[in-house]
Amino acid sequence: QPWLAAGRASPRLVLVVVFVALLLDNVLLTVVVPIVPTFLYTTEYEGAKSSVSPAQPEPTPAAPGAPPSSSVPSVFDNITEPVRGSSSAAGPPNGTGSGAPGHPPSSAPGHPPRAPPAPGGSCLEGGEFLAQENTRVGLLFASKALVQLLVNPWVGLLTNRIGYHIPMFLGFTIMFLSTVMFAFSGTYTLLFIARALQGVGSSFSLGLLASVYRDDSERGSAMGIALGGLALGVLIGAPFGSIMYEFVGKASPFLVLAFLALLDGALQLCILQPSRISPESTKATPLSTLLRDPYILVAAGALCFSNMGVAMLEPTLPIWMLQTMCSPQWQLGMAFLPASISYLIGTNLFGILANRMGRWLCSMIGMAVVGISLLCVPLATNIYGLIGPNAGLGFAIGMVDSSMMPIMAYLVDLRHASAYGTVYAIADVAFCMGFAVGPSTGGAIVRALGFPWLMVVVGVLNVAYAPLCWLLRSPPAAEEKMAILSQECPMQPKNYSTKEAQWEFPLTEESDGEVENGE
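Residues numbered from 1 in each chain as written. Predicted model: local features only at pLDDT ≥ 70, side-chain atom pairs only at ≥ 80, totals over all residues. Heavy atoms only, no water.

Per an unreviewed UniProt entry, the protein chain carries the name VMAT1 protein and comes from Irena cyanogastra.

Right under this line is the structure:
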């Protein structure tokens, strides 16, 4: 087919494939955020309660004597929780001593509820269970990023050997399996395995773009569009998940995603030809050299800490909302909507603006705003109070991401050999560190100090890190590059960039650049 051949030659269609892959990956990443806490509560806490205390009556509607506002249905589909004013109808409440003997701590650790119910709201019982759940949900969310951290270096080696096409298709297959597994898993262990599997499947995308778009300005805009797919995935994931779970059922969002993933697989088969082996031609700077570069580390740290804020919110905010605001299920995902919309605006706006105002300044302001927004989150008393802090957070992270991604490529151009796969692997690892450390430590900090203190810790960390971005204002070129520029010397004794690299990148000084310091 002539149109198929033309499509395979077009970098735009590769961009479409990467965009869709990132979109699906991040919808799957965030769709579980509002579902998992309430799903675990329904299956484990409610299940343990009903098996331990069979004498308890059927789920009780509010007592006739209670004020009318208290007969609020629970956040779960088929249970009406007893709320304040109706506890007389449901027997002694869970927090009193008389209810305790029927609840051995091993099966239902739900003794005193942490927060008083909001007026007219239906807060969940078992505050202690919710507090313990923070840690488990955090670990569940972190498992994807941890697996991705382990898989990423091997993916780098694999793509250098056989190109991006086969690994990308392999990633799609694993992701499809993970999505189907989420739809039908009913226990914490199965959910954990599905989440970890997703980490294996999502390590393959951005390097492909760097290899297709050789021109720097084109690559910048392509990365911007691809990050837009990532943002869009984060944008629709949580609200889509909470609404589908509330009104259709747990499996529904995952089955829709599995269907979309199949379409993406068909697209990849047509365009990427997963049977083709095409190794990288440019000899990249070794990872160890890049990791010793302080400027690259500062940029990676900015990516890691700014994203850690959102990563910590994902498992802890829905549970905090259940405890303090008594939010209905659909609100748990909608709370993230302002952050996602403003992230989308931030990445697109500052993709262009950052270059004019200075990327270092843009990321420095961004990190300070991330910190301030996080400090404002615990001040909210209802979902509307979360709109401002979350929007500020998303916008600021958009500023940091859209500045740091091009800075990474610029630093490699300036100080190393111009091959970008490795440096984007470092950027990806920085993201993953944020999303691995964030949820796992976030859950533990919430148990020890409470949610407001968690926000204070991460907020202060971001504000304190912001001044380091000043170092990226004018990073020095490598000494060897200065020598080459002054002498126009074509060869260096220990240079390992190949003739192809010089041919592909017309600025031979750039590709000649990396000399002794990596070897």
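### Details of the overall build of the protein chain
The number of helices and strands found in the protein chain is 19 helices and zero strands. Counting all 519 residues of the protein chain, 54% fall into the buried class. Of the roughly 21400 Å² of accessible surface on the protein chain, a fraction of 70% belongs to carbon and sulfur atoms. (Helix = DSSP H or I, 4+ residues; strand = E, 2+ residues; numbered from the N terminus. Buried < 20%, exposed > 50% of the residue type's maximum accessible area, 1.4 Å probe, protein only. Areas by Shrake-Rupley, 256 points an atom, 1.4 Å probe, with all protein chains shown as cover.)

### Side note on the nonpolar core
Grouped together as the largest cluster of nonpolar side chains are 111 residues, with contacts concentrated most on Leu313, Leu317, Met404, Met408 and Phe451. It is helix H2 (residues 11-52) that provides the largest number of residues to this core, a total of 19 residues. Among the domains, domain 1 (1-47 + 125-275) and domain 2 (285-488) are the pair contributing at least three residues each to this core. Residues contacting Met404, with those up to four places away along its chain left out, are Ala299, Ala302, Leu303, Ser363, Cys469 and Leu472. (Core = buried A, V, L, I, M, F, W, Y, C linked by side-chain atoms within 4.5 Å. Domains from an automatic or database assignment. Contact = heavy atoms within 4.5 Å.)

### Describing helix H16 (residues 451-465)
With 15 residues, H16 should cover 21 Å at 1.5 Å per step; its first-to-last C-alpha distance of 22 Å lies within 8% of that length. When we look at burial in H16, the residues that qualify are Phe451, Leu454, Met455, Val458, Gly459, Asn462 and Tyr465. Buried positions in H16, seen along its axis, are confined to an arc of 130° and lie on one side of it. Residues of H16 that are exposed and point more than 90 degrees away from the buried face comprise Trp453 and Ala464. (Expected span 1.5 Å × (residues − 1). Arc of directions from axis to C-beta.)

### Quick notes on the environment of Leu290
On the secondary structure map, Leu290 appears in helix H9 (residues 287-291). Note on Leu290: relative accessible area 1%, which makes it buried. Separated by 122 residues in the primary sequence, Leu290 and Val412 place their C-alpha atoms 8.3 Å from one another. Look past the residues within four positions of Leu290 in its chain and what remains in contact with it is Thr285, Ile296, His416, Thr422, Val423 and Ile426.

### Topic: the packing of aromatic side chains
Scanning all chains against the criterion turns up nine aromatic pairs. Geometrically, the ring pair formed by Tyr45 and Phe129 is tilted, given 5.3 Å between the ring centres and 35° between the ring planes. One end of the pair, Tyr45, is in helix H2; the other, Phe129, is in helix H3 (residues 127-162), with 84 residues separating them in the sequence. The exposure classification of Tyr45 matches that of Phe129, with both residues buried. Plain terms: the ring middles of Tyr188 and Phe192 are 6.2 Å apart, the flat faces sit at 40° to each other, and that makes the pair tilted. Note that Tyr188 and Phe192 are positioned in helix H5 (residues 188-201) at a spacing of four residues, about one turn of the helix. In textbook terms, an aromatic cluster arises when at least three aromatic residues are bridged by ring pairs, as seen for Tyr41, Tyr45 and Phe129. A cation over an aromatic ring shows up here: Arg136 above the ring of Tyr188, its NZ or CZ 4.4 Å from the ring centre. Just above the ring of Phe39 sits the side chain of Lys250; from NZ or CZ to the centre is 4.8 Å. (Phe/Tyr/Trp six-rings, centres within 6.5 Å; stacked < 30°, edge-to-face > 60°. Lys NZ or Arg CZ within 6 Å of the ring centre and 35° of its normal.)

### Some words on the packing of helix H12 (residues 337-357) against helix H13 (residues 359-376)
Relative orientation of the contacting elements H12 and H13 amounts to 115°, with a least axis distance of 6 Å. Here H12 contributes Phe350, Ala354, Asn355 and Met357 to the contact with H13, which in turn contributes Arg359, Leu361, Cys362 and Ile365. Of the residues in the contact of H12 with H13, the class split is six nonpolar, one polar and one charged. (Axes fitted to C-alpha atoms, helices over the stretch in contact; angles between N-to-C directions. Nonpolar A, V, L, I, M, F, W, Y, C, P; charged D, E, K, R; others polar.)

### Digging into the packing of H12 against helix H14 (residues 387-415)
Where H12 contacts H14, the axes come no closer than 7 Å and their chain directions differ by 35°. Considering the relative orientation of H12 and H14, their crossing is right-handed. Taken together, the residues of H14 that come into contact with H12 (itself represented by Pro338, Ala339, Ser342, Tyr343, Ile345, Gly346, Thr347, Leu349, Phe350, Gly351 and Ala354) are Ile387, Asn390, Ala391, Gly394, Phe395, Ile397, Gly398, Met399, Asp401, Ser402 and Ser403. Grouping the constituent residues of the contact of H12 with H14 by class yields twelve nonpolar, nine polar and one charged. (Left-handed = near helix turned anticlockwise from the far one by under 90°.)

### Quick notes on the pattern of salt bridges
This model, assessed by the stated rule, comprises three salt bridges. The salt bridge involving Arg415 is made with Asp293; its shortest N-O contact spans 2.8 Å. Highlighted residues: Arg415 in helix H14 and Asp293 in the loop between H9 and helix H10 (294-324), separated in sequence by 122 residues. (Salt bridge = Lys/Arg side-chain N within 4 Å of Asp/Glu carboxyl O.)

### Things to note about the side chain of Ser363
Mapping Ser363 onto the fold places it in helix H13. Owing to a relative accessible area of 0%, Ser363 belongs among the buried residues under this scheme. Once you skip the residues sitting within four places of it in the chain, Ser363 turns out to touch Val400, Ser403, Met404 and Cys469.

### Here we look at the environment of Cys432
The topology assignment puts Cys432 in helix H15 (residues 421-449). Along the backbone, Cys432 and Asn307 are 125 residues apart, and their C-alpha atoms lie at a distance of 9.1 Å. With sequence-adjacent residues up to four places away left out, Cys432 is seen in contact with Ala145, Gln148 and Leu149.

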